[in-house]
Amino acid sequence: MSKMLLPRAILLLAGLIFLGYMVTWIVLPLKLWLNSWLFTMMIKTNTKAFGTQGTFMLIYTVPILLIAVLGCFYLHLRKNARNYSDKIRGNGPIAKLRRPMLVKGPLGVVSAMELILFFLFIALIIWIFAYGNGILSVVGNMNARQNSRHANDKMWQKKFRSTAFYMAIAGNFCCAFLFYPVTRGSSILPLLGLTSEGSIKYHTWIGHIAMFFFTMHGLMFIVYWAIVNDLKEMLIWDHNSNSNVPGEIAILFGLAMWVTVHPRIRRKMFELFFYTHQLYIPFLFFYMLHTGFYFIFMIFPGFYLFLIDRYLRFLQSRQKVRLVSARILPCETVELNFSKSLELDYTTTSFVNINVPSISSMQWHPFTVSSNCNLEPDLISVIIKRDGSWSQKLIEKFASSSSPFDRLEVSMEGPYGPSSTDFLRYETLVLVAGGSGLVPMITIIRELMFRKAKVGCPTPRVVLVCAFKHSVDLSLLNLIVPLSGTSLDISQLDIEIEAYVTRDKGPVPIENNRAKTIWFRSHPSDEPFSAALGSYGWLWLGAIIISSFVMFLIMSGLFGRFYVYPKDKGTNMLYSWTARAALNALFFCVSIITTATIAVLLNKRRYAQQAGRVQTIELAKPTSLSSARFQNTDRELESHPVQSIIERIKVHYGARPHLEKILIQYEGDSTGVLICGPAMMRREVANICASGLVENLHYESISFNS
């Protein structure tokens, strides 16, 4: 109990800070806040080093960075204190709010809690938009030039111009929350029980809303300038107030990203979507030049944390990972097994990003980790099914290899996943998988096998329902047992496996149903896969956040005190907004690069001692395919070494799983329903869980899409 007291206290403190942060947004449009409280704070915090921008930094940046640091400490303390035994109350209010409420529609599968938070977010945008007079007065004081040019506007023209400005404020508010969902190594998302892959849909929602407001902001100002016969404003780059040209450039970059995010473009032309989405860097840069560095602090913390994460991922991706072996199944699926550092720990259903330069030096693809760090402490595995040109080229590379000992250069990022898993809390666990969606379910089954045999904790009854197109895809079930083999027996689990083959009416003979295993020779530049910040990654991340921000404050403060202030003589209005914004951007980039690089290099020394691990694995592995077969790494589906798996598989040909009939059997149990598969299957399962036909069904989707 005492071990949980400190994490709970940290969680409570982080919650209180976030509540105060949200209050600053709620009172933002009020004239009382702006004319009394904010100006009082600006006077008290208006130093020679930071000027009035220090006020915005204190209000909107410091609280979020503090929450991120508290989150790092919380996750470090919780890392080895995962609770698997608590039961979930099936009829509790929180459990009901987590059930799917909307299944069809533009938002995808949405729970009642998500819907409530979504409407609260929209309500806050409306509040800021409708009562933004106070904000306009502050910006009006900063833009004396524009006020003098438009002092003679008619009342309706002034209101039109004000509305256009409110659009920008609403978009700015959206940008403040835009980057949290896509920060993969976030210390904030786990505080809310979220993961980066499960939060992608929130990034999509917020991005659409933000681009709507920014686009309307730009269009309305163009219309306004046309009405007042002042279109030359579009060509003005004012260095001492809001510059129009950078704003127009930023909108063009934003529109390019917005157009290519359409589902059809994203699915059919993923590379176009991916490369265009990298325009977020020039978008934010010109956005910053447009607004100045004063208002950028309102969205600064989310992007700051994202940039730290992105640079750490870049450093980790420079590592060339040792590929030990590849197991090729007859269903055009390959399991890649990599050497990993013994310090690297990850949770079930985690994923990694993989890059193979010989196929494409730019493409990175996410794959679920199929191995279990408890069963395979020195290996990490992923399963890749042929689906698209990239995976097709990879599988063909293995199939056409004349020698099984060729080296393949691979880079990886991750692993990313939930800070803890709660699937052991249920009495019954129904795993629904479609095709390669079986992979996360394999990781769960392996974890249950370990927990049952080694830890001795009670495990739920497991029902695996998997659907495949063809009989050959049944060989995916081979992967439940690791390549290295295990002494654990799946018969210790209370498990049923229902396999459905939808397009074949019966067993189809396969010419070659033997799984082929290829062993790769090592290379001096290859290393075991390891985390960028080592086993104490959360503490190191907290240190990077603190040290990089302090370094930024020092550089920005010295620049402001000894260069900007003497030129402005304390007014903060003469020195170029554009130059100051660009230099501040340079300062925080230098701060992040310096501190993160030092942290990674210090940790690299620690696990460099395991470099000899590559040679150890090289000596332990088979030296020929014949010996690999002898060690049972090549095997047919009909001669599976773990006969208990065969005994528990029921194959249904020419049929799809009747999911409602299957789930209705578990009335009264606390049943967790985990789904990973096509969107249609996810919607069907979500609809059943939302219908109320069966009580105590707890829906969870494992997917990058809503």
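Worth saying up front: this structure is predicted, and the values here are computed from it rather than measured. Chains are numbered independently. Their residues run from 1 in the order of the written sequence. Local features in a predicted model are, by the rule used here, given only for residues with pLDDT of at least 70; side-chain atom pairs are given and counted only at 80 or more, and totals for whole chains, interfaces and linings are based on all residues. Side-chain figures throughout are based on the complete set of non-hydrogen atoms in the structure, without hydrogens or water.

Enquirer: For this particular structure, what's the right way to read the overall build of the protein chain?
Expert: Under the DSSP-based scheme used, a helix requires at least four consecutive residues in state H or I and a strand at least two consecutive residues in state E, with every element numbered from the N terminus. Of regular secondary structure, the protein chain possesses 24 helices and 17 strands. Expressed as a percentage of its 706 residues, the buried residues of the protein chain come to 55%. In the protein chain, the proportion of contacts linking residues at least 24 apart, taken out of those at least 6 apart, comes to 81%. Note on areas: these come from Shrake-Rupley sampling with a 1.4 Å probe, and a residue is covered only by the protein chains present in the view. Total accessible area on the protein chain stands at roughly 31400 Å², and carbon and sulfur atoms take up 62% of it. Per-residue accessibility, obtained with a 1.4 Å probe over protein chains only, is compared with the maximum for each type, and a residue is labelled buried under 20%, exposed over 50%, and partly exposed between these values. Throughout, a residue-residue contact means that at least one pair of heavy atoms, one from each residue, lies within 4.5 Å.

Enquirer: I would appreciate a short explanation of the packing of helix α10 (residues 244–260) against helix α12 (residues 270–277) in the present structure.
Expert: Packed helices, taken two at a time, are described by their axes: the angle between them and the distance between them. Think of each axis as a best-fit line through the C-alpha atoms, taken over the contacting stretch in the case of a helix, with angles from 0 to 180 degrees between the N-to-C directions. The interhelical angle for the contact between α10 and α12, taken along N-to-C directions, is 155°, at an axis separation of 9 Å. Classed by the angle they form, the pair α10 and α12 counts as roughly antiparallel. Considering how the two elements wind past one another, α10 and α12 form a crossing that is left-handed. Residues Ala-256, Met-257 and Thr-260 of α10 form the contact with α12, whose own contacting residues are Leu-272, Phe-273, Thr-276 and His-277. Residue composition of the contact of α10 with α12, by class: 4 nonpolar, 3 polar and no charged. Just so you know how the angles are binned, under 35 degrees is roughly parallel, over 145 roughly antiparallel, 65 to 115 roughly perpendicular, and the rest oblique. By definition, turning the near helix anticlockwise from the far helix through less than a right angle yields a left-handed crossing, and turning it clockwise yields a right-handed one. Each residue receives one of three labels: charged for Asp, Glu, Lys and Arg, nonpolar for Ala, Val, Leu, Ile, Met, Phe, Trp, Tyr, Cys and Pro, and polar for the others, Gly being one of them.

Enquirer: In this structure, what is going on with the confidence of the model for the protein chain? I would like to understand it.
Expert: You can read pLDDT as the predictor saying how much it trusts each residue, on a scale of 0 to 100. With 78% of its residues at a pLDDT of at least 70, the protein chain reaches an overall mean of 78. For the protein chain, per-element mean pLDDT is lowest for helix α21 (residues 625–630), which scores 33, and highest for helix α15 (residues 300–317), which scores 92. Considering only residues more than four positions removed or in separate chains, one finds that residues 83–90, a stretch of pLDDT under 50, has 21 contacts. This stretch, residues 612–642, has a pLDDT under 50; its non-local contacts, to residues over four places away or in other chains, come to 64 contacts.

Enquirer: So what exactly am I meant to see when it comes to helix α24 (residues 679–691) here?
Expert: In an α-helix there are 3.6 residues to a turn, and that puts residues three or four apart on one side. The span you would expect from a helix comes to 1.5 Å times its residue count less one. The terminal C-alpha atoms of α24, which comprises 13 residues, lie 18 Å apart, in line with the 18 Å expected from a rise of 1.5 Å per residue. Met-681, Arg-682, Val-685, Ala-686, Ile-688 and Cys-689 are the residues of α24 that are buried. When α24 is viewed along its axis, its buried side chains cluster within an angular range of 160° and face the same direction. Where α24 is buried, its residues meet β1 (100–102), β10 (428–434), β11 (461–468), α23 (659–663), β16 (671–676) and β17 (697–701). In the segment just after α24, Gly-692 is the residue with positive phi, at about 85°. Directions from the helix axis toward the C-beta atoms define the arc.

Enquirer: I'm lost on the pairing of β10 in this one. Help?
Expert: Side-chain positions along a regular strand alternate between the two faces of the sheet. By the criterion of burial, β10 is predominantly enclosed, with 7 of the 7 residues buried. Going residue by residue along β10, you find Thr-428, Val-430, Val-432 and Gly-434 tucked away on one face and Leu-429, Leu-431 and Ala-433 tucked away on the opposite face as well. Strand pairing is defined by DSSP finding a minimum of two bridges between the two strands. Two elements, β10 and β11, share 7 bridges in a ladder whose sense is parallel. Bridge pairing in β11 links Thr-428 to Arg-461. Bridging between β10 and β16 involves 6 bridges; their strand directions are parallel. Bridge pairing in β16 links Leu-431 to Leu-674.

Enquirer: When you look at the nonpolar core in this model, what are you seeing that I'm missing?
Expert: The tendency in soluble globular proteins is for nonpolar side chains to be buried as a group. Formed by 99 residues in total, the largest nonpolar core has its most connected members in Trp-25, Phe-177, Ile-545 and Phe-588. Residue contributions to this core peak at 13 residues, all from helix α3 (residues 53–78). To form a nonpolar core, buried Ala, Val, Leu, Ile, Met, Phe, Trp, Tyr and Cys residues must be joined to one another through side-chain atoms within 4.5 Å. Counting 36 residues, the second-largest nonpolar core is a separate cluster that includes Ile-495, Ala-499, Val-501 and Cys-676.

Enquirer: Please explain the sheet that holds strand β5 (residues 333–339) as it appears in this structure.
Expert: Strands in a sheet are paired, the pairing made by backbone hydrogen bonds, and the direction either parallel or antiparallel. Taken together, 4 strands build an open sheet; the order of strands is β8-β5-β4-β13 and the sheet is antiparallel. Every interior strand has two partners, whereas the edge strands, β8 (379–385) and β13 (516–519), have only one. Direction aside, the axes of adjacent strands within the sheet are offset by 15° on average. Of the pairings in the sheet, the one linking strand β4 (residues 323–329) to β5 comprises 6 bridges and is antiparallel in character. Residue pairing across strands places Arg-327 opposite Glu-335, the latter belonging to β5.

Enquirer: Got a minute to help me understand the packing of aromatic side chains in this structure?
Expert: Remark: the centre distance and the inter-plane angle together describe each pair of aromatic rings, the angle taken between the planes. Stacked, edge-to-face and tilted are the three classes for Phe, Tyr and Trp ring pairs, Trp counted by its six-membered ring, which pair at centre distances within 6.5 Å; planes under 30 degrees apart are stacked, over 60 edge-to-face, the rest tilted. Applying the stated criterion to the full structure yields 39 aromatic pairs. Ring plane angle 20° and centroid distance 6.1 Å describe the contact between Phe-283 and Tyr-287, whose orientation is recorded as stacked. A residue pair is termed a helical-turn pair when its members lie 3 or 4 positions apart in one helix, as Phe-283 and Tyr-287 do in helix α13 (residues 280–291) at 4 residues. Side by side, Phe-283 and Tyr-287 carry an identical accessibility label, which is buried. Where Phe-552 meets Phe-588, the ring centres are 6.4 Å apart and the plane angle is 70°; that geometry is what we call edge-to-face. On the criterion of sequence distance, the pair formed by Phe-552 in helix α18 (residues 537–568) and Phe-588 in helix α19 (residues 577–607) is long-range, its members being 36 residues apart. Relative accessible area serves as the criterion here: at 5%, Phe-588 is assigned to the buried category. Through pairs of rings, three or more aromatic residues link up here, namely Phe-179, Tyr-280, Phe-300, Phe-303, Tyr-304, Phe-306, Phe-549, Phe-552 and Phe-588.

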